[in-house]
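Below are the chains, spelled out letter by letter.
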Amino acid sequence: LDALEELERRRGDFNAVQEVLVRQLQAVGSGPQQIPVYKKLVALAVDKHQSPDDAIGYLHEILQLQPDEPEANARLLELLEKTERFNDLIDVLTEHANRRAQAGDTAGEIALLVRAADVWEEKLKNPEASTEILERILERDPHNVRALMSLAHIYEAARDLDKARAILERAVELAESAGERTRLL
């Protein structure tokens, strides 16, 4: 099948290449040995078929086989953002954060949660929806000034000025430098 794949690539028949790769998936049997074939299908879907949705499907298959596969995780996040599938992106970021938490990687968990909150706020223009994520960040890191500031803005927009003020005061107390404090005020 490798020789047939190469022949079809040289011919430029990428639909035939895809068919050969699907046959390779069946030939290698189910399990981690399928990952290299799925990676070829991802590249084919993106580069030759301009089909990020197919690539996303193949990436999900890889992650079913090996959830922490770094290349597949990075590519999935990239394609979800590029295709503006922001709700899916938030789900994947949150899922990755949960795995980081289970592994004891608090910093990694928080970084992913911050990114998910940013997607709610910046891409979906729905900062209120990020409240749960921001509160989770603060449970894990009560000194996270960025999460405090975002929550303060959310409460301010909701006209809950007492909560906004209390959170802003806490953020100012936690700010590490005079410059950071000035920016908060």
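Please read all numbers here as calculations on a predicted model, not as lab measurements.

A. Broad picture of the environment of Val 17. By the secondary structure assignment, Val 17 is in helix α2 (residues 14-28). Residues Val 17 and Leu 7 lie ten residues apart in sequence; the distance between their C-alpha atoms is 8.6 Å. Once residues within four sequence positions are removed from consideration, Val 17 is found in contact with Glu 5, Glu 8, Arg 9 and Leu 44.

B. The arrangement of the layout of surface pockets in detail. Reported here for the largest pocket is a volume of approximately 160 Å³. Around the largest pocket sit Asp 68, Asn 73, Leu 77, His 96, Arg 99, Arg 100, Ala 103 and Leu 112, which together line it. Counting residues per element, the ones that place at least two in the lining of the largest pocket are α5 (70-82) and α6 (86-102). In terms of residue count, α6 provides more of the lining of the largest pocket than any other element does, three residues in total. Of the residues that constitute the lining of the largest pocket, the class distribution is three nonpolar, two polar and three charged.

C. How the structure looks around the pattern of salt bridges. If you walk through the whole model with that rule in mind, you get 20 salt bridges. One salt-bridge network, held together by shared partners, links Glu 5, Arg 9 and Lys 40.

D. Highlighting the nonpolar core. Within the largest apolar cluster, 51 residues are counted, with the highest numbers of intra-cluster contacts made by Ile 133 and Ile 137. Dropping the residues within four chain positions of it, Ile 133 is found in contact with Ile 90, Leu 113, Ala 116, Ala 117 and Trp 120.

E. Expanded view of the side chain of Thr 131. Along the chain, the position of Thr 131 falls in helix α8 (residues 131-140). Using a relative accessible area of 16% as the deciding quantity, one classes Thr 131 as buried. Beyond its immediate stretch of four places on either side in the chain, Thr 131 contacts Leu 151 and Ile 154.

F. Just the packing of α6 against α8, in detail. Following both chains from N to C, one finds α6 and α8 inclined at 15 degrees, their axes separated by 13 Å at the closest point. Taken together, α6 and α8 sit at an angle that is classed as roughly parallel. The way α6 lies across α8 gives a crossing that is left-handed. Contacts between α6 and α8 involve Ile 90, Thr 94, Ala 97, Asn 98 and Ala 101 from the first element and Ile 133, Arg 136 and Arg 140 from the second. Classifying every residue of the contact of α6 with α8 gives four nonpolar, two polar and two charged.

G. Main features of the packing of α5 against α6. Between α5 and α6, whose axes approach to 8 Å, the crossing angle comes to 155 degrees. On the basis of their axis angle, the class for α5 and α6 is roughly antiparallel. In this structure, the crossing between α5 and α6 has a hand that is left-handed. On α6, the residues touching Asn 73, Leu 76, Leu 77, Leu 80 and Glu 81 of α5 are Phe 86, Asp 88, Leu 89, Val 92, Leu 93, His 96 and Arg 99. Tallied by class, residues from the contact of α5 with α6 come to seven nonpolar, two polar and three charged.

The rules behind these values
- Residues numbered from 1 in each chain as written.
- Predicted model: local features only at pLDDT ≥ 70, side-chain atom pairs only at ≥ 80, totals over all residues.
- Heavy atoms only, no water.
- Helix = DSSP H or I, 4+ residues; strand = E, 2+ residues; numbered from the N terminus.
- Contact = heavy atoms within 4.5 Å.
- 1 Å grid on protein atoms, 1.4 Å probe; cavity = no way out; pocket = protein on both sides within 12 Å on 5 of 7 lines; lining within 4 Å.
- Points joined across faces, edges and corners; volume = space filled by probe spheres on them.
- Nonpolar A, V, L, I, M, F, W, Y, C, P; charged D, E, K, R; others polar.
- Salt bridge = Lys/Arg side-chain N within 4 Å of Asp/Glu carboxyl O.
- Core = buried A, V, L, I, M, F, W, Y, C linked by side-chain atoms within 4.5 Å.
- Buried < 20%, exposed > 50% of the residue type's maximum accessible area, 1.4 Å probe, protein only.
- Axes fitted to C-alpha atoms, helices over the stretch in contact; angles between N-to-C directions.
- Parallel < 35°, antiparallel > 145°, perpendicular 65-115°, else oblique.
- Left-handed = near helix turned anticlockwise from the far one by under 90°.

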